[in-house]
Amino acid sequence: MIRRAPGRVIVESEVAGGSLVASLRANLPHAVFETVDRVSEQPCRDPGVLEVVRFRGRFLKSCPGTRHYHCCGYRILHFGTQCTLECSYCILQAYLNQPNLRLFGNIDDMLGELSADLEENSGRLHRIGTGEFTDSMLLDPYTGLSRLLVPFFAKTPNAVLELKTKTDFIGNLDGLEHNGHTIAAWSLNAEHVRRREEPFAATLKERLNAARFCAERGYYLAFHFDPIIEHPDWRSGYGEVLDRLFDAVDPSRIVWMSLGAFRFMPELKSIIQEHHGRSRIPYGEFIRGLDGKMRYFRDIRVEFYSFMINKIRRADPHLCAYLCMEGDDIWLESFGFSPRERGGLDRMLDHAVRDRMHIDITAPETQPFV
Ligand code: SF4
């Protein structure tokens, strides 16, 4: 996979002396750095620009689930926004009103908020990920952020970190003290979809090699088939990816796998048509769901999920697979049960952490809190 390093870094003066900017300066020797009082909020897209700002909001957010569908109770550690991998279906195109790569330079504030939150809520397990408003690892070769976060979570008895990516930029994970508290995760798609809709992401082979690299270093793994996209012969496309995945890694290292059929806010359609002329995905048949998003008809969603879960269960009947943003009827028809019967989706995922990662916060904890 080719790295597209930022060529221009615009830094707010309040964070110019911080450790994040120091890493960027060391790892982007050819980039031009500019310091400004405040980064402009005027949208002017330039994929070669990286902005480093002082973030003034909450770094920890809840996953934007809706009351209509089962929600996973995941939380997001918000360290930056936007992504230059340019997947045609990327929701960030419609979601964020500032178009350039942006990182939050006040990392000490982020870690302080995280520590305080975990300590305050020490009686429960926290599943925390970073890949919601950007790709978790896209800029890691330059920021080295994983080298801070992974050891941080290694010392937190009641939390696990999921780093979700479509890159193979996992070099910084080598040799880190992770204590089994970090999950290296990849979004996967059928080869036909990957080629057409994910032009700058790593190939399937590169992603699976990266996953194997992490598994060999003791990391737990997760995989996300989201968005599943209808295309000719989708069964053999997705079936092949699952076969290659289970050939590449031991299923018992996989903590969870999610499945989610393509869904989108209606305004995304014209953005895809305008910016991704090769994409076929806006031309599928969709209906509006309870959350206002456009979705495939329920029969096709049930077909996707039934096909995938049957293959997953053949590889590992105990692997925790779950549906993203679906209701009881689709769960029952494709998986044969509803999360409600198992205490809710968040409990299912907590149990996966306990069973696969052997982290049980009800057990006496000997480690000190950070
Ligand atoms: S990798 Fe994720 S965040 Fe980046 S463009 Fe693709 S969908 Fe968007």
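Residues numbered from 1 in each chain as written. Predicted model: local features only at pLDDT ≥ 70, side-chain atom pairs only at ≥ 80, totals over all residues.

Examining the overall build of the protein chain
Thinking step 1. Looking only at helices and strands, one finds 12 helices and 16 strands in the protein chain.
Thinking step 2. For the protein chain, the C-alpha radius of gyration of 20 Å lies close to 21 Å, the compact-globule estimate for 370 residues.
Thinking step 3. Its C-alpha atoms put the protein chain at 55 × 55 × 35 Å along the principal axes.
Thinking step 4. Within the protein chain, buried positions represent 41% of all 370 residues.
Thinking step 5. Taking the contacts inside the protein chain whose residues are at least 6 apart along the sequence as the reference set, 77% of them involve residues at least 24 apart. (Helix = DSSP H or I, 4+ residues; strand = E, 2+ residues; numbered from the N terminus. Rg over C-alpha atoms; globule rule 2.2 N^0.38 Å. Buried ≥ 20, exposed ≤ 12 C-beta atoms within 10 Å, placed from the backbone. Contact = placed C-beta atoms within 7 Å.)

Observations concerning the environment of aspartate 360
Thinking step 1. When you line up the elements, aspartate 360 lands in the segment after helix H12 (345-357).
Thinking step 2. Counting along the chain gives 247 residues from aspartate 360 to glutamate 113, while the straight-line C-alpha distance between them is 23 Å.

Some thoughts on the packing of helix H8 (residues 234-248) against helix H10 (residues 298-315)
Thinking step 1. H10 packs onto H8 with a crossing angle of 20° between their chain directions and a minimal axis gap of 10 Å. By the criterion of interaxial angle, the relationship of H8 to H10 is roughly parallel. Between H8 and H10 the crossing geometry is right-handed. Taken together, the residues of H10 that come into contact with H8 (itself represented by Arg235, Tyr238, Gly239, Leu242 and Phe246) are Phe307, Met308, Lys311, Ile312 and Ala315.
Thinking step 2. Counted by class, the contact of H8 with H10 contains 7 nonpolar, 1 polar and 2 charged residues. (Axes fitted to C-alpha atoms, helices over the stretch in contact; angles between N-to-C directions. Parallel < 35°, antiparallel > 145°, perpendicular 65-115°, else oblique. Left-handed = near helix turned anticlockwise from the far one by under 90°. Nonpolar A, V, L, I, M, F, W, Y, C, P; charged D, E, K, R; others polar.)

Concerning H8
Thinking step 1. Helix length check: H8 (15 residues) gives 21 Å between terminal C-alpha atoms against 21 Å at 1.5 Å per residue, within 8%.
Thinking step 2. The inward-facing, buried residues of H8 abut helix H7 (204-216), strand S11 (220-228) and H10. (Expected span 1.5 Å × (residues − 1).)

Description of H10
Thinking step 1. Along its 18 residues, H10 runs 26 Å from first to last C-alpha, staying within 8% of the 26 Å computed at 1.5 Å per residue.
Thinking step 2. Buried within H10 are the following residues: Arg301, Val302, Phe304, Tyr305, Met308 and Ile312. Each buried residue of H10 sits inside an arc of 160° when the element is viewed along its axis, so together they form one side. Those residues of H10 that are exposed and angled more than 90 degrees off the buried face are Asp299, Asn310 and Arg314.
Thinking step 3. Tucked into the core, H10 has its buried residues touching S11, H8, strand S12 (254-261), strand S16 (320-323) and helix H11 (328-335). (Arc of directions from axis to C-beta.)

What to know about unusual backbone geometry
Thinking step 1. Geometrically, the link from aspartate 226 to proline 227 is a cis peptide bond, its omega value of 10° lying close to zero.
Thinking step 2. Looking at where proline 227 falls in the secondary structure, it is placed in strand S11.
Thinking step 3. In this model, glutamine 82 sits at a positive phi of 75°, which is unusual for a non-glycine residue.
Thinking step 4. Its 23 C-beta neighbours within 10 Å are what place glutamine 82 among the buried residues.
Thinking step 5. Although it is not a glycine, histidine 358 adopts a positive phi angle of roughly 60°.
Thinking step 6. Among the secondary structure elements, histidine 358 is positioned in the segment after H12.

Comments concerning the sheet that holds strand S7 (residues 101-104)
Thinking step 1. Reading across from one edge, S2-S1-S3-S7-S6 is the order of the 5 strands in this open sheet, with mixed pairing throughout. The outermost strands of the open sheet, each flanked by one partner alone, are strand S2 (32-36) and strand S6 (80-81).
Thinking step 2. Looking at chain direction, strand S1 (residues 8-12) and S2 are connected through 5 bridges and run parallel. Paired with isoleucine 10 across the two strands is glutamate 34, which belongs to S2. (Pairing = 2+ DSSP bridges.)

Concerning the confidence of the model for the protein chain
Thinking step 1. Residues at a pLDDT of 70 or more form 95% of the protein chain, whose mean pLDDT is 92.
Thinking step 2. Predicted confidence is poor over residues 363-370, with pLDDT under 50, and the contacts of this stretch with residues over four places away or in other chains come to 10 contacts. (pLDDT = per-residue confidence, 0-100.)

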